[in-house]
Amino acid sequence: MSTRHFLSLLDLTSDELHNLILRGIELKEYRKEGQVVDTLSRKTLAMIFDKSSTRTRVSFETGMTLLGGHAIFLSPRDTQLGRGEPLPDAARVISRMVDGVMIRTYDHNVIETFAEHSAVPVINGLTDLLHPCQLLADMQTYFEHRGNIAGKKVAWIGDGNNMCHSYINASIRYGFTLAIACPEGYEPDPDILSNAGDRASVIHDPLEAAKDADLVVTDVWASMGQEEEQKKREIAFASYQVNSALMQRADPAALFMHCLPAHRDEEVTTEVLEGPQSVVWDEAENRLYAQNALLEFLMS
Ligand code: CP
Ligand code: NVA
């Protein structure tokens, strides 16, 4: 069988993704009970980071340790990747030595090229286009708190960015409807959106998008690589803050999620972030378990 990669949620079927949720929950229970699970004993994951990270690095590195394996952190500054070694060459060399590769980078083409030349599974740890690992954690978190998300309504409030794109893909695979509220000019990629058909739609008005939602999600207004646009974006997104007035439009049992790191009182008020509907800390913790289910699936 050819090597499976996880560059997008669409690389896995709905059934496979659902099984990852169940396995993630199981792995979390085992950890809390102190049970050892060494399904990736003596396996190595190479982690290439072209961008900063806290959650992704800590969760993958700890995750490999928990499963009995090992992770190597590679930054372009200290490897030949930063000195212009061709990506296909690096992919062929690294993948002859390790059992999996996780990459966080800017251009999505980089991860696609690497995967094309890699003999082992490649995992997308975030690109400018997609952030599928975060969705594994978000979907596990929703399941733990509220059960199956199929048939529910999710409101995306903010930028049509990598997280928004992964929510659009998630609407296809997990079967929820997605209302996207973003300012004019900050819409998601039209191809990714149209692929979801009726499942996902751009509404623009945040209060309308949030109406009766079961889950409200936002993210920073300026992503990594867009720092110089921060001021311009603060103006464009001013009416797209997730605050208590917006949360009141949602279903009373609605949850709030944010992939973090958050800019308090910018895209979300401290009141909502720290409030009773927020599950952001569970969401961050679940990166570990959801990804361990994925690592097992791809590498064991
Ligand atoms: N949510 C997320 O991916 O966080 P990091 O940038 O800290 O990895
Ligand atoms: N959209 C954000 C997500 C960070 C985890 C970014 O790309 O910077």
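Model, not experiment: these values are computed from the prediction. What you see as residue numbers is a count from 1 along each chain, following the sequence as written. To label them, take the chains in the order written and letter them from A, then take the ligands in the order written and number them from 1. Since the coordinates come from a predicted model, pLDDT governs what is reported: local features require at least 70, and pairs of side-chain atoms require 80 or more to be given and counted, while whole-chain, interface and lining totals use all residues. Hydrogen atoms and water are omitted, and side-chain values are computed over all heavy atoms in the structure.

(A) Local environment of the sheet that holds strand β8 (residues 215-218). Pairing is parallel across the open sheet formed by 5 strands, whose spatial order is β7-β6-β5-β8-β9. Here the strands that pair on one side only, and so sit at the sheet edges, are β7 (200-202) and β9 (255-258). Between one strand and the next, the sheet's axes are offset by a mean angle of 20°, whatever the strand orientation. For two strands to count as paired, DSSP must find a minimum of two bridges between them. Numbered from the N terminus, helices here are DSSP runs of H or I no shorter than four residues, and strands are runs of E no shorter than two. Here β8 runs beside β9; their pairing, made up of 4 bridges, is parallel. For T218, the partnering residue across the bridge sits in β9 and is H258. Two residues form a contact once any of their heavy atoms are found within 4.5 Å. In this analysis, axes come from line fits to C-alpha atoms, helices being fitted only over the stretch in contact, and the angle between any two N-to-C directions falls in the range 0 to 180 degrees. Taken strand by strand, helix α5 (residues 132-146) contacts β8 and β9, and its axis lies near 160° from that of β9.

(B) Broad picture of the packing of helix α1 (residues 14-33) against α5. Running from N to C, α1 and α5 point in directions that differ by 70°, and their axes come no closer than 10 Å. The angle between α1 and α5 falls in the class roughly perpendicular. Listed contacts from α5 to L17, H18, L20, I21, L22, G24, I25 and K28 of α1 are L136, M139, Q140, F143 and E144. Our angle categories are set so that under 35 degrees counts as roughly parallel, over 145 as roughly antiparallel, 65 to 115 as roughly perpendicular, and the remainder as oblique.

(C) Structural view of the site of ligand 1. The environment of ligand 1 is made up of S53, T54, R55, T56, R104, H131, Q134, C259, L260 and R287. The side chain of S53 places a nitrogen or oxygen atom 2.7 Å from an oxygen atom of ligand 1. One of the backbone nitrogen or oxygen atoms of C259 is found 2.9 Å away from a nitrogen atom of ligand 1. Methods summary: accessible areas were calculated by the Shrake-Rupley approach with a probe of 1.4 Å, and residue burial reflects only the protein chains presented. With the chains in place, 95% of the 260 Å² that ligand 1 exposes on its own is no longer accessible. Three classes are used, and their members are as follows: Ala, Val, Leu, Ile, Met, Phe, Trp, Tyr, Cys and Pro are nonpolar, Asp, Glu, Lys and Arg are charged, and the others, Gly among them, are polar. Grouping the constituent residues of the shell around ligand 1 by class yields 2 nonpolar, 5 polar and 3 charged. Being near a molecule or strand, for a residue, comes down to having at least one heavy atom within 4 Å of it. Here a polar contact is recorded for every N or O atom pair within 3.5 Å, except that within protein the pair must consist of a potential hydrogen donor and a potential acceptor, and residues adjacent in sequence are included only if both atoms are side-chain atoms.

(D) A look at the sheet that holds strand β1 (residues 44-49). In space, the 4 strands of this open sheet follow the order β2-β1-β3-β4, with parallel pairing throughout. A strand with exactly one partner marks an edge of an open sheet, and here the two such strands are β2 (70-74) and β4 (122-124). Along the sheet, successive strands turn relative to each other by an average axial angle of 20°, direction set aside. With 5 bridges joining them, β1 and strand β3 (residues 100-104) adopt parallel strand pairing. Across the sheet, the residue bridging to I48 is I103, located in β3. Each of β1, β2, β3 and β4 touches helix α2 (residues 55-66); the most contacted strand, β1, lies at about 170° to it.

(E) Highlighting the pattern of salt bridges. Note on definitions: salt bridges are taken to be side-chain nitrogens of Lys or Arg within 4 Å of carboxyl oxygens of Asp or Glu. Tallied over the entire structure, the rule returns 15 salt bridges. Linking E208 and R249 is a salt bridge whose minimum nitrogen-to-oxygen distance equals 3.9 Å. Here the residue E208 occupies a position in helix α8 (residues 206-210), and R249 occupies one in helix α10 (residues 244-249), the gap between them amounting to 41 residues. Remark: exposure states derive from per-residue accessible area (1.4 Å probe, protein chains only) relative to the maximum for the residue type, with buried under 20%, exposed over 50%, and partly exposed in between. A residue is classified by how much of its surface remains accessible, and E208, at 38% relative accessible area, is partly exposed. One network of salt bridges, in which partners are shared, links R23, E26 and E296.

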